[in-house]
Amino acid sequence: MLPHEKEMVARKKNQPFALLGISSDADRESAVERMKKEGITWRQAMDGSTSGPLATKWNVRGWPTIYILDHKGVIRYMDLRGEELEKAVDELLKEVPAAPKN
Amino acid sequence: MTSRPMRALLVVLALVLPSAAQDSRPGPAERLRVLEADFRKEMRAFENTARKLFAEAERLKEEPDLSKMPKPPNGDFIPKFKALAADCQGTDTELSCLLWLFENGGEGFFAMSPPNGAEPAETPRKETDDMIAAKAIMERHLASPRLDGFATGLMFRAGIPGTRGAAKDYLARLAKESPHKEVRAAAILGQMMPAYEAGDEKTAEPLIALLKKDYADTKVYKEQVAGILFERENLTVGKTAPDFEVEDIDGKKFKLSDYRGKVVYLDFWGFW
């Protein structure tokens, strides 16, 4: 998962795309250390454990659980992986209105 | 049948009577304590060895050599817990032994979800120690308040061919007959989940309604059922993702809605 995520983030650097990680690792210190070591540049929040508040509220029972949202915040895809996932993101990027030029 | 206080009295008498004093063997409760501590110790050693093996493989960028994996200690402890359970039938110590056997005496994770995604055979396998313990729990400890975790364990087994029949049967009995609300809630959840996950709304719907109506104040409901309902109502394709605010690893707060205008890949994950 991680290598593909890194590639995707690099490829879409200049596009309206954001990867947000909600980590369910219980050991915050070692997880943050590994994130730095692995070169994870995208935004990460720690949920505390597999039964952290957000994972509980969103009923996450398998990891990774991935939601793909469009630019309006609507859930468009769940549980896609790899190439299929990236293709879906590319389609959604086409829906994003072009930023107004000043 | 001996009532619980009566049994406790007999245990006390056995401990103080002179004839018992000649028997220097420790009582069941003490034996259980030692057994559990020994198991935890060996489990830690096992986990450490396994962790080292995986870390070394990762360092060498190789697949871990699973033939070098030590044997998990469960196997050696199963006969010990069984022997202790047999020595104190009907007591709370027996229940502790049976719950341990239920948790540690099965075929474990891989039997539940085979790595290749193949369905295991529907025909019951040789009865495993976890299900033998489950049967004894149902026979002798149905009224115990300590069975909510047991119900959750049955829920997983209700989704697996081979253990499905017995697990479903036990859950149905617990849901009806347990005098404890938390246990009943866990058992109803255990009946509902496999149906819900299989998309069998006809079975799942009345159980969800029952949980909502009578069990909304239980821990089981708050920690497990509420999430399922939230997911059903808010987290399906086409719905606007519910907003949340969290703090990133640098201590800066952000909201999901801060990312409007961007395609968002929201990833619940972990290194473990």
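Residues numbered from 1 in each chain as written. Chains lettered and ligands numbered in written order. Predicted model: local features only at pLDDT ≥ 70, side-chain atom pairs only at ≥ 80, totals over all residues.

## Concerning the overall build of chain B
1) Next: Looking only at helices and strands, chain B has 12 helices and three strands in total.
2) Next: The long-range fraction of contacts in chain B, counting pairs at least 24 apart against all pairs at least 6 apart in sequence, stands at 58%. (Helix = DSSP H or I, 4+ residues; strand = E, 2+ residues; numbered from the N terminus. Contact = placed C-beta atoms within 7 Å.)

## Here we look at the overall build of chain A
1) Next: When helices and strands are counted, chain A shows four helices and four strands.
2) Next: In chain A, the succession of α and β elements from N to C terminus is α-β-α-β-α-β-β-α.
3) Next: The proportion of buried residues among the 102 residues of chain A is 25%.
4) Next: Partitioning the contacts of chain A with sequence separation of at least 6, the portion at a separation of at least 24 is 38%. (Buried ≥ 20, exposed ≤ 12 C-beta atoms within 10 Å, placed from the backbone.)

## Considering the interface of chain B and chain A
1) Next: Contacts between the two partners involve 33 residues from chain B and, on the opposite side, 45 residues from chain A.
2) Next: Its residues assigned to classes, the side of chain B that touches chain A comprises 18 nonpolar, seven polar and eight charged.
3) Next: As paired elements, strand S1 (residues 17–23) of chain A and strand S3 (residues 263–269) of chain B share seven bridges and run parallel to each other. Bridge pairing links Ala18 of chain A to Val264 of chain B in S3 of chain B. (Nonpolar A, V, L, I, M, F, W, Y, C, P; charged D, E, K, R; others polar. Pairing = 2+ DSSP bridges.)

## Section: unusual backbone geometry
1) Next: Here the residue pair Trp63 of chain A and Pro64 of chain A is connected by a cis peptide bond, since its omega of -5° sits within 30 degrees of zero.
2) Next: Looking at the element boundaries, Pro64 of chain A is found in the loop between helix H3 (53–57) and strand S3 (65–69).
3) Next: Positive phi is not limited to glycine here, since Asp79 of chain A has a value of about 60°.
4) Next: When you line up the elements, Asp79 of chain A lands in the loop between strand S4 (75–78) and helix H4 (82–95).
5) Next: Residue Asp79 of chain A is classed as exposed on the basis of its 12 C-beta neighbours within 10 Å.
6) Next: Unlike most non-glycine residues, Trp272 of chain B shows phi in positive territory, near 65°.
7) Next: With respect to the helices and strands, Trp272 of chain B occurs in the segment after S3.
8) Next: With 10 C-beta atoms counted inside 10 Å, the residue Trp272 of chain B sits in the exposed group.

## Digging into the sheet that holds S3 of chain B
1) Next: Strand order in the open sheet made by the five strands is S2(A)-S1(A)-S3(B)-S3(A)-S4(A), with mixed pairing throughout. With one partner strand each, in any of the chains shown, strand S2 (43–46) and S4 of chain A form the two edges of the open sheet. Between one strand axis and the next, the sheet turns by 20° as a mean value, whatever way the strands run. (Axes fitted to C-alpha atoms, helices over the stretch in contact; angles between N-to-C directions.)

## Some thoughts on the nonpolar core
1) Next: By size, the foremost hydrophobic cluster in this structure holds 42 residues, and its most contacted members are Leu98, Ala151, Leu154, Leu171 and Leu189 of chain B.
2) Next: Residue assignment for this core shows that the elements contributing at least two residues are helix H4 (74–87), helix H5 (92–104), helix H7 (129–140), helix H8 (148–157), helix H9 (164–177), helix H10 (181–197), helix H11 (201–214) and helix H12 (219–234) of chain B.
3) Next: Setting aside residues no more than four positions away along its own chain, Ala151 of chain B makes contact with Leu171, Leu174, Val183, Ala186, Ala187 and Gly190 of chain B.
4) Next: Counting 23 residues, the second largest nonpolar core, distinct from the first, contains Val60, Tyr67 and Val89 of chain A together with Phe268 of chain B. (Core = buried A, V, L, I, M, F, W, Y, C linked by C-beta atoms within 7 Å.)

## A look at the packing of H7 of chain B against H9 of chain B
Residues and elements named next belong to chain B.
1) Next: Axis separation between H7 and H9 bottoms out at 11 Å; the angle between their running directions is 25°. Overall, the two elements H7 and H9 adopt an arrangement that is roughly parallel. H7 and H9 meet at a crossing whose hand is left-handed. Contacts between H7 and H9 involve Met131, Ala134 and Met138 on the former and, on the latter, Ala166, Tyr170 and Arg173.
2) Next: Broken down by class, the residue content of the contact of H7 with H9 amounts to five nonpolar, no polar and one charged. (Parallel < 35°, antiparallel > 145°, perpendicular 65-115°, else oblique. Left-handed = near helix turned anticlockwise from the far one by under 90°.)

## Quick notes on the environment of Pro28 of chain B
Residues and elements named next belong to chain B.
1) Next: For Pro28, the location among the structural elements is in helix H3 (residues 28–59).
2) Next: C-alpha separation for the pair Pro28 and Thr93, spaced 65 residues apart in sequence, amounts to 6.7 Å.
3) Next: Apart from residues lying up to four places away in sequence, Pro28 is in contact with Leu84, Asp87, Cys88, Thr91 and Thr93.

## Topic: the confidence of the model for chain B
Residue and element names in this part refer to chain B.
1) Next: Of all residues in chain B, 85% have pLDDT values of 70 or greater, and the mean over the chain is 87.
2) Next: Here residues 109–117 scores under 50 on pLDDT; set against residues more than four positions off or in separate chains, the count is seven contacts.
3) Next: Taken over the whole predicted complex, pTM reads 0.69, whereas the ipTM for its chain interfaces reads 0.96. (pLDDT = per-residue confidence, 0-100.)

## Here's the deal with the pairing of S4 of chain A
Residues and elements named next belong to chain A.
1) Next: As defined by bridge partners, S3 adjoins S4 across three bridges and the pair is classed as antiparallel. When the bridges of S4 are listed, Ile68 appears paired with Tyr77.
2) Next: Taking the residues between adjacent antiparallel strands as the criterion, S3 and S4 are bridged by five residues, where Gly73 takes a positive phi near 85°.

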